[in-house]
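Letter by letter, the chains look like this.
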Number of protein chains: 2
Amino acid sequence: MSRSISHHPVLRRQAAVAQRRGELANPACEIGPGQDCRHPLVDESLNAELHRYETIISQRFLLIEAALKKISAIQHDDSFVQKAQDICQAMLGYCLPEDKLASAWVNGLDMPDLHAYCVFQSLVLSVQKANEDRAIWLKNLPLSSPVLRDMGYHTVNISPCADGRLQGLLPFILRISPAPEISVKAFAGARFDIEDDIADWTQAELQRLANEPGYDASLNYLKCVVYHFSSSSPCVEGCAAHGSDDGMAIDCAIEGLSALQAAIRNLYGLGAEPDGLVLGVDTDTDALRVHLPDGSGTVRAHQFLDSAQLFAETLPLGRVQAEQVLIDRVRAAASNPDANTVALAIGLLRANFSQLQYVIEHHNGRYTDVGHDEKFICAGEAVASLHLRNKYYFAHLSTVEEGAADLDVGIKIFTSLNLSRGLAIPILVHFFFDARVSGARQRAEQRCHRVKQAIQTRYQALHERHQIRCFLAVSDIGGTENVTPVPSSYSVSVH
Amino acid sequence: MSRSISHHPVLRRQAAVAQRRGELANPACEIGPGQDCRHPLVDESLNAELHRYETIISQRFLLIEAALKKISAIQHDDSFVQKAQDICQAMLGYCLPEDKLASAWVNGLDMPDLHAYCVFQSLVLSVQKANEDRAIWLKNLPLSSPVLRDMGYHTVNISPCADGRLQGLLPFILRISPAPEISVKAFAGARFDIEDDIADWTQAELQRLANEPGYDASLNYLKCVVYHFSSSSPCVEGCAAHGSDDGMAIDCAIEGLSALQAAIRNLYGLGAEPDGLVLGVDTDTDALRVHLPDGSGTVRAHQFLDSAQLFAETLPLGRVQAEQVLIDRVRAAASNPDANTVALAIGLLRANFSQLQYVIEHHNGRYTDVGHDEKFICAGEAVASLHLRNKYYFAHLSTVEEGAADLDVGIKIFTSLNLSRGLAIPILVHFFFDARVSGARQRAEQRCHRVKQAIQTRYQALHERHQIRCFLAVSDIGGTENVTPVPSSYSVSVH
């Protein structure tokens, strides 16, 4: 590796969970005497629903240590096994492996093992209950596929950064409903894979053409690139992949989008390229920047609409007037009055007002967990049905060979989070398959095993001390199967 | 790894370069009294051109050791450097690095280093001269893109096995002209990557649709899967990836094709799937099997037309009559008389007659190099403009993590071929990029470096003893740049 891990900005960020909290006001609004920060365009019932969801998911992981401590304290009691299962069932909603409890009297409980088991069980439970949990808010998000279709987009492909703080992007920050037409693929620094993206675009466009009756030539494919920054601590807690240099993060997003559009133009002809939008997220407040392209279609780093500023400006107004001011501001900023882009920008900014108020009300104006508090590492592809801010460290990869640098950082973070306390590092190795493609499932399972083996080889000392616990799972891209455990007896077949 | 290298069938094959040569007659024809094996449908001038090409390419590699031996013998002579360069230039067509010769008087010549240098130089020279060398035969191959288009195919995608004995597939065995519409991606056991193939198909189809004026709905995409076997020694020298089990090799080709067609049907609708053809090659004689689908579109392992048998049957006839018998046989075998498939089968079989006669005339009816005689390992993607039988060992891979098993076999083979004689193992790490996609070249170069680093890590002992020499190169998929060396100063950037 050409760069030393200890200099990785993610780790610098961790060292700097500074005393600066409270120093900076939320630019949208601060709750105080005579100011409740309730904006006329905010959907308060949706906010309440999302908060309920956040609490449910957070509790599943937060209660693990409490439950295990209780169980640890009674391991020499009579009827220990039954009591332990009762505690676990009541607090976490599932049971522990009977055999691991039954042998406790011999060598004591293997707590790191049970802890990792629980992290994966809480994850699996959250995925299993995703439909139920998400039903609370799913139908009320303002930006659904039909709404985006009315704005002119048949498909929306979003590339945020892989940073844990953006894992709740879709329903929270953007208020977009998860759907097959909306895909999110996260990459460190939002440096998405252009070759991979061309393939995604090609597949979406051809599937639309193949399905002639529904074909509407006026619709387009939208590529969104989402960079992020930290208003509290710009040089430390910005995007780690860009060394917290916001200028670099923005330029990278703009360049990536423009390179993709140019590549598709070159490959498929002028006008074939997708529409593009660059967004920025302040991960302290979830405020959104919308970079509208100028008259020549160029996106500029310093030209954007800021949701927090617009929130503050329209806060004192009535609903109709606030809406009108928002529309006026977007139209004034759009030097090329493309109706689709204008409608989308208005929709995103208005939707984000709700998220700004959410952070103000439920997180005291700024998130407290600016440091790392992840529960597990996800290596491979992100779990689609979980929307959790800062709950897992995500290393997007196909092979450890390609993704080693990001994985090294994750291991370093968990060395401090877990190993220092005697716990193991739980790693979910997760890949998607397309059930419509024969053999795809088996290939995804083989990939899980191959990546697990490579992880164990790379971190051999940790593996030999049982300090790494891998959990292998695959999901059907069509959504009928989510995070299905891979049989561990599977042997990697070699061609 | 789940399988021991020493049991790898490629190595078993190596151990069994048996005394059996001459035991088996060529089933197409044997030259003997009253029999010259000249078939009326063979293009003899094309055969002469291809033989000239084979000789040119072979000599470039064969003369390396002779040249270096001569140079070694005179290393203490006066004016050694000039004499050495004269020898190298005369025998190989290029010079050696001046500094390596000039310092010979200190520690002697580093022959393993010069040997690896020459292998790569001969390779680069062959690629540089590819247009010139191939011009001899390129325009005379019977199956050009326009001819295939007339048969109903706008694109032909061929997946042979990665076995070195099939590296001359296109111009020699199939007599198809290399062209952008004809792609060859080799995989061990012809087990092509279905996800990757779907992406190739999607891109080709969408590019066709994007280019509306030239769109012809009657044309289709042809997917060809090519398995191989050995008539001389079926259980030892067949397809290594299938343990020389011909039944497995055939079934795998049929299943792969059928899985790809089903996947595309499922993804894009009935009728969207490409046409398919399964071919088999006898790597001892280059005889071709053409498996025509039956009335229901099913390809069967035991239903095929055999070019050697048809060659023998039509050998005594006149040109017109031979042609008619060939056409009759193909039509009789095609239970579903699809005009495209019939025309293609006739074209391939007739073209292969020339190759059968080529092997009979120039390789005494059966190839002598049934064992390994490769000059280098190619790791990554195959070089498109070189058509050499059994000249390099090919490990198709994107990462060493995924391709380690095949690479292990290559290292084992070269341990015996080169290390045992004090020479190093030359490894070409080669990847393609698409110049129309911004940044693609840089990403391909990074991949070269990453794979090189992974090779050096995996074979650390060999690397430390300088027994592995990597040469990194990239090629533009559009063909304007071929095997361009990657600057070695490049540092792998980490996101």
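Computed from a predicted structure; not experimentally measured.

Student: When you look at helix α13 (residues 319-333) of chain B in this model, what are you seeing that I'm missing?
Tutor: In an α-helix, one turn spans 3.6 residues, which is why side chains three or four residues apart end up on the same side. Residues and elements named next belong to chain B. Taking 1.5 Å of rise per residue, 15 residues should cover 21 Å, and α13 covers 21 Å from first to last C-alpha, within 8% of that figure. Those residues of α13 not exposed but buried are A322, E323, V325, L326, I327 and V330. On its buried face, α13 sits against β6 (305-306), α12 (307-314) and α14 (339-362).

Student: So what exactly am I meant to see when it comes to the pattern of salt bridges here?
Tutor: Working definition: two side chains of opposite charge can pair if their charged atoms are close together. Per the stated rule, a full pass over the model turns up 46 salt bridges over all chains. Across the pair E323 of chain B and R350 of chain B runs a salt bridge, and its minimum N-O distance is 2.1 Å. Of this pair, E323 of chain B sits in helix α13 while R350 of chain B sits in helix α14; the two residues are 27 residues apart in sequence, bridging distant segments of the chain. Residues joined by salt bridges that share partners form a network here, namely K100, D113 and R469 of chain A.

Student: It is not clear to me how the interface of chain B and chain A should be interpreted in this structure. Could you clarify?
Tutor: One widely used convention gives an interface's size as the accessible area the parts lose upon coming together. Contacts between the two partners involve 41 residues from chain B, matched on the other side by 41 residues from chain A. At the boundary of chain B with chain A, total buried surface from both sides reaches about 3,600 Å², with 59% on carbon and sulfur atoms. Run the count over chain B and chain A and you get 6 salt bridges. One salt bridge connects E195 of chain B with R443 of chain A, and the closest N-O pair in it is separated by 2.9 Å. Those elements that provide at least two residues to the side of chain B that touches chain A are α10 (194-210), α11 (246-268), α15 (400-417) and α16 (440-458) of chain B. The element contributing the most residues to the side of chain B that touches chain A is α10 of chain B, with 11 residues. The residue inventory of the side of chain B that touches chain A, partitioned by class, reads 20 nonpolar, 9 polar and 12 charged.

Student: Would you take a moment to explain the relation of the copies chain B and chain A for this structure?
Tutor: There are two copies of the chain, and a rotation about an axis plus a shift along that axis relates them. Mapping chain B onto chain A calls for a rotation angle of 180° and an axial translation of 0.0 Å; the resulting RMSD is 0.0 Å. The two molecules are tied by a two-fold rotation axis, judged by turn and shift.

Student: Any chance you could explain helix α12 (residues 307-314) of chain A here in plain terms?
Tutor: Residues and elements named next belong to chain A. What α12 keeps buried is the set S307, A308, L310, F311 and T314. Along the axis of α12, the buried positions cluster into a sector of 165°, meaning they face one direction only. Buried residues in α12 make contact with β5 (287-291), β6 (305-306), α13 (319-333) and α14 (339-362). Two or three places before A308, at the start of α12, stands the capping residue D306, its side-chain oxygen 2.8 Å from that residue's backbone nitrogen.

Student: What is the right way to look at the confidence of the model for chain A in this model?
Tutor: Do not read the fine detail of predicted coordinates wherever pLDDT is low. All names here are of chain A. This prediction gives chain A a mean pLDDT of 88; 92% of its residues lie at or above 70. Taken together, the stretch residues 1-22 has pLDDT below 50 and engages in 52 contacts with residues farther than four places along the chain or on a different chain. In this model, residues 489-495 is a region of pLDDT below 50 whose contacts with residues beyond four sequence positions or in other chains number 16 contacts. Model confidence for the complex is summarised by a pTM of 0.83, with the ipTM given as 0.80.

Student: Got a minute to help me understand the state of the cysteines in this structure?
Tutor: Cysteine pairs can be linked by a disulfide, which is a covalent bond between their two sulfur atoms. Residue and element names in this part refer to chain A. Considering all chains together, one arrives at 2 disulfides over all chains under this definition. A sulfur-sulfur distance of 2.0 Å marks the disulfide that ties C29 to C37. Because the sign of the S-S torsion sets the handedness, a value of about -85° for the bond joining C29 and C37 places this disulfide among the left-handed ones. Taking the relative accessible area as the measure of exposure, C37 reaches 1% and is therefore buried. Here C239 is not disulfide-linked; the sulfur of C161 is the nearest cysteine sulfur, at 3.8 Å.

Student: Sorry if this is basic, but what is going on with the domain arrangement of chain A here?
Tutor: All names here are of chain A. Once the domains are mapped, chain A shows domain 1 (55-132 + 371-485) and domain 2 (142-362). When domain 1 packs against domain 2, close to 1,000 Å² is buried across both sides, 50% of that on carbon and sulfur atoms. Across the domain 1-domain 2 interface, the total number found is 0 salt bridges. Linking domain 1 with domain 2 are 4 residue pairs in polar contact (both at pLDDT 80 or more), by the criterion used here. In terms of residue count, the dominant contributor to the side of domain 1 that touches domain 2 is strand β8 (residues 392-396) (3 residues). A class-by-class count of the residues in the side of domain 1 that touches domain 2 yields 4 nonpolar, 3 polar and 3 charged.

How each quantity is defined
Residues numbered from 1 in each chain as written. Chains lettered and ligands numbered in written order. Predicted model: local features only at pLDDT ≥ 70, side-chain atom pairs only at ≥ 80, totals over all residues. Heavy atoms only, no water. Helix = DSSP H or I, 4+ residues; strand = E, 2+ residues; numbered from the N terminus. Expected span 1.5 Å × (residues − 1). Buried < 20%, exposed > 50% of the residue type's maximum accessible area, 1.4 Å probe, protein only. Contact = heavy atoms within 4.5 Å. Salt bridge = Lys/Arg side-chain N within 4 Å of Asp/Glu carboxyl O. Buried area = accessible area lost by both parts, 1.4 Å probe. Nonpolar A, V, L, I, M, F, W, Y, C, P; charged D, E, K, R; others polar. Least-squares fit on C-alpha atoms with pLDDT ≥ 70 in both. Arc of directions from axis to C-beta. Polar contact = N/O pair within 3.5 Å; in protein donor to acceptor, adjacent residues only side chain to side chain. pLDDT = per-residue confidence, 0-100. Disulfide = S-S within 2.5 Å. Domains from an automatic or database assignment.

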